[in-house]
Amino acid sequence: MSEQMSLLEFLKERSGVRLSKLEAYLDLVDKASVQYIPKDLCRQEFTLSDGQFVITITELAECWHWHRATVRIFIEQLEKMGQIAVTRLTKSQIVTIPLLVETPATSPIDIAMDEFRHKMRTALDGWRNGRLSASACASECESLYEQATEDIAAILDNIDNDNTPGKVPCGGSIPESVERALCMTALSAVIEATFHQVLGHDTEQRQATSLLPFFYKDLGGDWLSFIEAAKAISELTLDGTSPALQQESAAVKSQFQSLCRPFLAVIANWEAPVLSKESSNL
């Protein structure tokens, strides 16, 4: 970002008193870098984060030698382009420049966890697609878990030794909280894969024969009714019962019970590229 700003500073040209659009944008960046608040506004009224500052249209118009309407249009255009975000207050506006917002650095442990999660999902996809047997997949998952434990132990050991590389961690042990997080990452990947594997084969058919007619015919395409029905199906799926169905007839309860599996099938396949599939069939 600093290199980009240096280039923009080099390229800008002053031509008279009136600021160009580039100069006006750079002025906004300068204000964001110091969390600028106009002098006539009370600083105690604002709590600003990185990349944020306060402006008034009147002050910018005077500073840039622009008409107020031109300033307002310029701010709105930058907002539509995603270059700034604006919170409009009674007498002022809080502007955020996303490029200046600091993002928290990702820790080496988090990176290792993400890599382990990706490798686990890849191995489990092999089982789901029939390339690996259950026993082969289990062996692969166990190997990945052991390797991830060693990798994280090495990371922690390097941190404890002032980032000195090449030291072997004592026994490859990791703190209980980290081991618990690693184990939950592995278990979550297995649960996700088995959930998709069990429910993924009949999703389209069950949607066509159950959920769509239920939404269009039984509920008349009413979204509020579907939201309330989905809540009842969720409760029925998780708890075996739903307070919303207690006063309903046996036929209604049976209908909602029959919707539980297609309901879960949709959840299991919510990432499926439905539109792409339909387009390929046209």
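Here the structure is a predicted model, which is why all the values come from computation and not from measurement. (Residues numbered from 1 in each chain as written. Predicted model: local features only at pLDDT ≥ 70, side-chain atom pairs only at ≥ 80, totals over all residues. Heavy atoms only, no water.)

## Observations regarding the environment of G240
Then, in step 1: Structurally, the position occupied by G240 is in the loop between α9 (223–239) and α10 (250–258).
Then, in step 2: Between the C-alpha atom of G240 and that of Q257, which follows or precedes it by 17 residues, the distance is 8.8 Å. (Helix = DSSP H or I, 4+ residues; strand = E, 2+ residues; numbered from the N terminus.)

## Some remarks on the packing of aromatic side chains
Then, in step 1: Inspection of every chain in the model, using the stated rule, returns eight aromatic pairs.
Then, in step 2: Here W64 and W66 contribute two aromatic rings whose centre-to-centre distance is 4.9 Å and whose plane-to-plane angle is 65°, an arrangement assigned as edge-to-face.
Then, in step 3: Taking the centre distance of 5.5 Å and the plane angle of 80° together, the rings of F215 and F226 count as edge-to-face. In this pair, F215 is assigned in helix α8 (residues 203–218) and F226 in helix α9, connecting sequence segments 11 residues apart.
Then, in step 4: F215 gets classed as buried once you look at its relative accessible area, which sits at 10%.
Then, in step 5: F226 sits in the partly exposed class, given a relative accessible area of 23%.
Then, in step 6: Directly above the aromatic system of Y36 lies the positively charged group of K31, at a separation of 5.1 Å from the ring centroid. (Phe/Tyr/Trp six-rings, centres within 6.5 Å; stacked < 30°, edge-to-face > 60°. Buried < 20%, exposed > 50% of the residue type's maximum accessible area, 1.4 Å probe, protein only. Lys NZ or Arg CZ within 6 Å of the ring centre and 35° of its normal.)

## Overview of α9
Then, in step 1: Over its 17 residues, α9 runs 24 Å from end to end, which matches the ideal 24 Å to within 8%, given 1.5 Å per residue.
Then, in step 2: Three or more residues of α9 are buried, namely A229, A230, A232, I233, E235 and L236.
Then, in step 3: Of the residues flanking the end of α9, it is G240, one or two places downstream, whose phi is positive at about 80°. (Expected span 1.5 Å × (residues − 1).)

## Describing the pairing of strand β1 (residues 52–55)
Then, in step 1: Where burial is concerned, the two faces of β1 agree: the one with Q52 and V54 and the one with F53 and I55 are both buried.
Then, in step 2: Both β1 and strand β3 (residues 93–96) contribute to a ladder of four bridges, which runs antiparallel. By the bridge assignment for β3, I55 is matched with Q93. (Pairing = 2+ DSSP bridges.)

## A word on the confidence of the model for the chain
Then, in step 1: Per-residue confidence for the chain averages 82 on the pLDDT scale, and 79% of its residues sit at or above 70.
Then, in step 2: Per-element mean pLDDT across the chain ranges from 39 in helix α12 (residues 274–280) up to 94 in helix α3 (residues 57–64).
Then, in step 3: Scored below 50 in pLDDT, residues 272–282 makes two contacts in the model with residues more than four places away or belonging to other chains. (pLDDT = per-residue confidence, 0-100. Contact = heavy atoms within 4.5 Å.)

## Comments concerning the packing of α9 against helix α11 (residues 260–268)
Then, in step 1: The contact between α9 and α11 brings their axes to 10 Å, and the two run at 100°. As far as their axial angle goes, α11 and α9 are roughly perpendicular. Across from A230, I233, S234, L236 and T237 in α9, the residues of α11 making contact are C260, F263 and L264.
Then, in step 2: A per-class count over the contact of α9 with α11 returns six nonpolar, two polar and no charged. (Axes fitted to C-alpha atoms, helices over the stretch in contact; angles between N-to-C directions. Parallel < 35°, antiparallel > 145°, perpendicular 65-115°, else oblique. Nonpolar A, V, L, I, M, F, W, Y, C, P; charged D, E, K, R; others polar.)

## Re the environment of P262
Then, in step 1: Structurally, the position occupied by P262 is in helix α11.
Then, in step 2: Of the residues examined, P262 reaches a relative accessible area of 1% and is grouped as buried.
Then, in step 3: C-alpha separation for the pair P262 and S210, spaced 52 residues apart in sequence, amounts to 7.2 Å.

## A closer look at the packing of α10 against α11
Helices that pack against each other are described as a pair by the angle of their axes relative to one another and the distance between those axes.
Then, in step 1: Across the interface, α10 lies against α11 with an axial gap of 4 Å and an inter-helix angle of 30°. Considering the angle they form, α10 stands roughly parallel to α11. Counted together, F256, Q257 and S258 of α10 and C260, R261 and P262 of α11 form the full contact between these two elements.
Then, in step 2: Considering only residue class, the contact of α10 with α11 consists of three nonpolar, two polar and one charged.

## Regarding the nonpolar core
Then, in step 1: Among the nonpolar cores identified, the biggest contains 21 residues, and L28, W64, V71, F74, I75 and I97 are the most heavily contacted of them.
Then, in step 2: Looking at this core, the elements with two or more residues in it are α2 (21–33), β1, α3 and α4 (68–80).
Then, in step 3: If you tally residues by element for this core, the top one is α2, at five residues.
Then, in step 4: Beyond its immediate sequence surroundings of up to four residues, I97 is in contact with Y25, L28, V29, A32, G51, F53, Q83 and I84. (Core = buried A, V, L, I, M, F, W, Y, C linked by side-chain atoms within 4.5 Å.)

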